[in-house]
Amino acid sequence: MTMGMGSTSRRAFASACGFLALTAGGILMQTQAVAAEKSWVYVGTYTNSKESPSEGIYRFEFDPADGSLAPKGVAAEFADPSFLAVHPSKKFLYAVGELGEFQGAKAGGVGAFSLDAATGELKPINQQSSGGAHPCHLTVDPTGKAVLVANYSGGSVACLPIEADGSLRPASSFIQHQGKSVDPGRQTAPHAHSVNLDPAGKIALVADLGLDKVLLYDLDAAAGKLTPHDPAFAEVAAGSGPRHLAWHPSGRFAYVITELKNTVDVFAYDKAKGALHEVQTISTLPDDFQGASYCAEVVAHPSGKFVYGSNRGHDSLAIYKVDPATGKLASAGWAPTGGKNPRNFAIDPTGGFLLAASQDSDRIVVFRIDPETGGLTPVGEPIAVPKPVCIRFVTQPSSAK
């Protein structure tokens, strides 16, 4: 279906496609064109579903010229690769194996794959234990020397060194969380739900749903070592259940989404001390919503103008505008995700599109982002993929065209 564009839409489209353009008398004049590169999109899934059997990590090709997402099949067979992370060199990809047992121990796995950015091909390198049961999130440090992994059921965090060939060594540092919080159903033990690094890549921030804390650790990536930072943590309201964290592009603010209370907590970041100071808590749900809903992912737009959060139950993406001075958020509405149980979502490298994965509807929906309002408009038809839970982009080199 082809739709006409007003002047605002033409400017938005030109911006999304990398055009430098002027409008005169309602006519768009192209003065310079820079074609945005296509990207490979890797999708982590759950493979333990009988209704929607998955084989592991799936690969798609994304074209930012029109927002099209083309299926390219299974990239790698792997058990429950529920979260993915790309090495800064774009030569390797890492995946958690969200399992309760690995090689006879109560742990999950972390898999290493070589990545060919020209072809999108993944090849397995090796696997190591995550050190704790059901690893659910991981990240690679900016120097490319270490993978950090959060173990949900295990309530722990581990650091695995990366060899020059991308392979993983056994965990060189492991920290077991202790304690609980107020929710008798979800917070009787620690549950590390994500691990992120500060903008300098020196401090690991671990959101623990079971403790209502974001714990901070100093990272020595070269030595593969984690040690408690001072201050050791930042707290959220009791019973909130912090899940994921996103940095504002300026590095001055962090956004923590809470699974149990359906909020985004805004923190100002003191980079000199490595400390988080809460400045705001805002709901992810409309005031009139009735029913159960649980948050999943939070993402800041690369422009720094918007923040998005996913609601499972309300099945929507909450949209916020960002105050650039304070980092505080103002609600800008909600966009239905077009599927049930939206988990992870990601913004493409151009900032023009958002891809949302709905786990229980076996689909990914592509949205065009309005660069002025942050609003989301679906593009094309939903793309089928079994039990999608994580989306990661890798820009193709120019030679891949």
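Refer to the structure presented above.
Scope of this entry: the structure provided in the associated data block. The model shown is predicted, which means the values in this text are computed figures rather than measured ones. (Residues numbered from 1 in each chain as written. Predicted model: local features only at pLDDT ≥ 70, side-chain atom pairs only at ≥ 80, totals over all residues. Heavy atoms only, no water.)

### Description of the overall build of the chain
Part 1 of the reasoning: Looking only at helices and strands, the chain has one helix and 30 strands in total.
Part 2 of the reasoning: A compact globule built from 401 residues would reach a C-alpha radius of gyration of about 21 Å, and the chain, at 20 Å, matches this within 12%.
Part 3 of the reasoning: Projected onto the principal axes, the alpha-carbon positions of the chain cover approximately 65 × 45 × 45 Å.
Part 4 of the reasoning: Out of the 401 residues in the chain, the part that is buried amounts to 55%.
Part 5 of the reasoning: Partitioning the contacts of the chain with sequence separation of at least 6, the portion at a separation of at least 24 is 49%. (Helix = DSSP H or I, 4+ residues; strand = E, 2+ residues; numbered from the N terminus. Rg over C-alpha atoms; globule rule 2.2 N^0.38 Å. Buried < 20%, exposed > 50% of the residue type's maximum accessible area, 1.4 Å probe, protein only. Contact = heavy atoms within 4.5 Å.)

### Observations regarding the sheet that holds strand β12 (residues 156-161)
Part 1 of the reasoning: Here we have four strands laid out as an open sheet, ordered β10-β11-β12-β13, and antiparallel in their pairing. Taken across any chain shown, the strands that pair with only one partner, and hence form the sheet edges, are β10 (135-140) and β13 (173-176). The average angle at which neighbouring strand axes cross in this sheet is 15°, direction not considered.
Part 2 of the reasoning: The pairing of β10 with strand β11 (residues 146-151) spans five bridges and is antiparallel. Paired with V140 across the bridge in β11 is V147. (Pairing = 2+ DSSP bridges. Axes fitted to C-alpha atoms, helices over the stretch in contact; angles between N-to-C directions.)

### Focus on the pairing of strand β4 (residues 56-63)
Part 1 of the reasoning: Counting buried residues along β4, eight of its eight residues qualify, which places the element largely inside the surrounding structure.
Part 2 of the reasoning: As judged from the five bridges shared by strand β3 (residues 39-45) and β4, these two strands associate in the antiparallel manner. Following the sheet pairing, W40 is matched in β4 by E61.
Part 3 of the reasoning: Between β4 and strand β5 (residues 68-77), which follow one another and run antiparallel, lie four residues, and G67 among them has a positive phi close to 80°.

### Describing the side chain of T337
Part 1 of the reasoning: Here T337 shows up in the loop between β25 (329-336) and β26 (342-347).
Part 2 of the reasoning: Among the residues examined, T337 registers a relative accessible area of 0% and is labelled buried.
Part 3 of the reasoning: Polar contacts involving the side chain of T337 include one to the main-chain carbonyl oxygen of G339, which spans 3.1 Å.
Part 4 of the reasoning: The contacts of T337, once residues within four sequence positions are left out, are D315, S316, L317, P342, S358, V365 and F367. (Polar contact = N/O pair within 3.5 Å; in protein donor to acceptor, adjacent residues only side chain to side chain.)

### Some details on the nonpolar core
Part 1 of the reasoning: Formed by 30 residues in total, the largest nonpolar core has its most connected members in Y42, I57, Y94, L122 and L138.
Part 2 of the reasoning: Ignoring anything within four residues of it in the chain, the contact list for Y94 reads F83, L84, A85, H87, G111, A112, L138, V140, V147, I162, G166 and L168. (Core = buried A, V, L, I, M, F, W, Y, C linked by side-chain atoms within 4.5 Å.)

### A look at unusual backbone geometry
Part 1 of the reasoning: Residue D230 is joined to P231 through a cis peptide bond whose omega torsion reads 5°.
Part 2 of the reasoning: Mapped onto the fold, P231 is located in strand β17 (residues 225-235).
Part 3 of the reasoning: Unusually for a residue other than glycine, D212 sits at a positive phi of about 55°.
Part 4 of the reasoning: As for its position among the elements, D212 is in the loop between β15 (203-208) and β16 (213-220).

### Observations concerning the pattern of salt bridges
Part 1 of the reasoning: Taken as a whole, this structure holds five salt bridges when the rule is applied.
Part 2 of the reasoning: Two residues, K387 and D362, come together in a salt bridge whose shortest N-O distance is 3.7 Å. Here K387, found in the loop between β29 (376-384) and β30 (388-395), pairs with D362, found in the loop between β27 (353-358) and β28 (363-369); they are 25 residues apart in sequence, far enough to count as distant.
Part 3 of the reasoning: The buried category is assigned to K387, whose relative accessible area is 12%. (Salt bridge = Lys/Arg side-chain N within 4 Å of Asp/Glu carboxyl O.)

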